[in-house]
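# Architecture at a glance
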Amino acid sequence: MSFSIRQRITDEMSGAALPFVAFCIALNLTAGQITAALKIPLYLDSIGTILVAVLVGPWSAVICGSAANLLAAALGNPSMIFFIPVVVVIGAFTGFLARRGWFRKWYLVAIGGVLQGILAAIASAPISAYLFSGVMMAGTDFLVLYFRSVGNTILNSVLYQGLTSDPADKLVSYFIVFFLVKNLPQRLISRLRGASNLRAPDSTT
Amino acid sequence: MSTGQSLSRKLALVLLLWVCAFTLPWTIQASLCVVLIIARYAVLPLRPITPRSAKAFSRFILYSIAVATFIILLNGLLIKEGAVAAKVFGIPLHKEGLLFGARTASRLLLLSFSILLFFVSTSLPDLIEHLQTKGLPPYLALVLLLTLHFLDQLPARIHQIFLAQQARGAPVDSGLLSRTKALFSILSPLVLSSIVESIERGTALELRGFLQRPQVARVIKRSESETDWLTISLILLALAVLIYRIVQWLIA
């Protein structure tokens, strides 16, 4: 049995998973349209990656996130390409948690979301600090400005800003995915490889 | 010039510009940004392929000027080293901060322009086909092509669901909590319909034997190695710049 990365990706990407991963890449890129229409102050730009991590697997989630950032760059937001390491962390970590059954209980989802937010903040801080000087032309720039004005370095300011806003965003994203997959018919979920992530260990169906 | 050759040259150019963005002084990087903007109009293979791409590039230039100005001013304001270079509305801007901002902004713009110029002048299906000739697995190529299909469809589908939920009285204009609940009423049918569609498409792929015999699906032949001197020259130039910078750093 081969344990190469390519083999693992091929194992995950079978049947319905291929079109589903494609849909989730597109969802990552268009979720902002929904939040903008509803005037909700959230990014939700990794909701597709989290969905794939839970319903398909970590390798597919890494591909989903990376492809979404590449396509975002192709569609007019080139800075997204530099944040591929962050989505790799999000995909791999969420897939890791999902495989250990963290998406079966709401309180584990809450802890996972906060942990994911912290990890995402740590992963994105050096990129944001060294490449962008902490300026992302978003509302969170004012937080960076505040932390810098009180004497922190750029890296620390960006990290503190990430630690302030990312856990909340990821917590909401995790809960959205949790409630979405909870309300999906088992008959449909069972066609995807990650169905076992949502079943109790003693369940045979 | 074949599409594959053109893509290889553009990728080599992006590599060279990325190396320049991390090695050369900011004044050269800023000059290269101007050269890239001129190249978008003057060099045929770098011209946007659709009016939409051209619009995206023009919009990004305006956006990047705003970002660059913001980065320079912000650093001038917050890094209080060196003499006061200027005052804006009575607020002092320090020289070291402004220089640091200029270095960061020029690097960022060069990286961003190089990526954007590559993508606006390249058709995504052509790029995927080219990557497949270079060894991209067929299932990944399929995922990317399906994504382009979904990207065309999804905004219309989201709009349709949004209007339907609004007609049913979903609280899309109420308080934040109600709007967050409305988010579920939009996302649920969207994800559900996508899974149903994915199963149908997945079954169709399995019935056609796509996943069992990917080598049959690989209808695009791998390109035979052909020497393109311009691509090689650009890669060698990138290497030379990199080595020069390393040597300079070692001497210093």
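It should be emphasised that the depicted structure is a prediction, and the values quoted were computed from it without experimental measurement. Residue numbers restart at each chain and count upward from 1, following the sequence in its written direction. A letter from A marks each chain and a number from 1 marks each ligand, given out in the order of writing. Per-residue local features of the predicted model are confined to residues with pLDDT of at least 70, and side-chain atom pairs are confined, for both listing and counting, to 80 or more; whole-chain, interface and lining totals are unaffected and use all residues.

The term nonpolar core refers to a set of buried Ala, Val, Leu, Ile, Met, Phe, Trp, Tyr and Cys residues connected through C-beta atoms within 7 Å. Counting other C-beta atoms within 10 Å of a residue's own tells you its class, since 20 or more makes it buried, 12 or fewer makes it exposed, and anything in between is partly exposed; those C-beta atoms are placed from the backbone. Counting residues in hydrophobic clusters, the biggest one holds 119 residues, and the most contacted among them are V21(A), I25(A) and V177(A). Mapping this core onto the domain boundaries places at least three of its residues in each of domain 1 (3–130 + 224–251) and domain 2 (136–217) of chain B. Here, residues touch in the contact sense if the C-beta positions derived from the backbone fall within 7 Å of one another. Leaving out residues up to four positions away in the same chain, V21(A) has contacts with M13(A), V52(A), V56(A), S60(A), I63(A), C64(A) and V143(B). Start and end positions for the domains come from either an automated domain assignment or a database one.

Chain A puts 42 residues into the contact, and the matching count from chain B is 50 residues. The way it works is that DSSP assigns letters per residue, a run of H or I at least four long becomes a helix, a run of E at least two long becomes a strand, and they are numbered from the N terminus. Elements that contribute at least two residues to the side of chain A that touches chain B include exactly α2 (17–37), α4 (58–74), α6 (106–132), α7 (141–149) and α8 (154–182) of chain A. In terms of residue count, α2(A) provides more of the side of chain A that touches chain B than any other element does, 13 residues in total. Of the residues contributing to the side of chain A that touches chain B, the split by class is 30 nonpolar, nine polar and three charged. Note on residue categories: nonpolar means Ala, Val, Leu, Ile, Met, Phe, Trp, Tyr, Cys or Pro, charged means Asp, Glu, Lys or Arg, and polar means any other residue, Gly included.

Moving on, we get to the domain arrangement of chain B. Each domain of chain B was delimited in the assignment, giving domain 1 (3–130 + 224–251) and domain 2 (136–217). A separation of 35 Å is found between the C-alpha centroids of domain 1 of chain B and domain 2 of chain B.

Packed helix pairs are characterised by how far apart their axes lie and by the angle those axes make with each other. All names here are of chain B. An axis is simply a line fitted to the C-alpha atoms; with a helix, the fit covers only the stretch in contact. Between two such axes, the angle follows the N-to-C directions and lies from 0 to 180 degrees. At a minimum axis separation of 10 Å, helix α1 (residues 3–23) and helix α5 (residues 124–133) run at an interaxial angle of 90°. Comparing their axes, α5 and α1 come out roughly perpendicular. Within the contact between the two elements, α1 uses T3, G4 and L7 and α5 uses D126, L127, H130 and T133. Considered class by class, the residues forming the contact of α1 with α5 number two nonpolar, four polar and one charged. An angle counts as roughly parallel when it lies under 35 degrees, as roughly antiparallel when it exceeds 145, as roughly perpendicular when it falls between 65 and 115, and as oblique in every other case.

Residues and elements named next belong to chain B. Across four bridges, strand β1 (residues 84–88) lies against strand β2 (residues 91–94) in antiparallel orientation. Counted as the bridge partner of K87 is P92 from β2. In this description, strands pair whenever DSSP reports at least two bridges between them. The antiparallel pairing of β1 with β2 creates a hairpin that spans two residues between the two strands, and F89 there sits at a positive phi of about 50°.

For F89(B), which is not glycine, the phi torsion reads 50° and is therefore positive. Structurally, F89(B) can be placed in the loop between β1 and β2.

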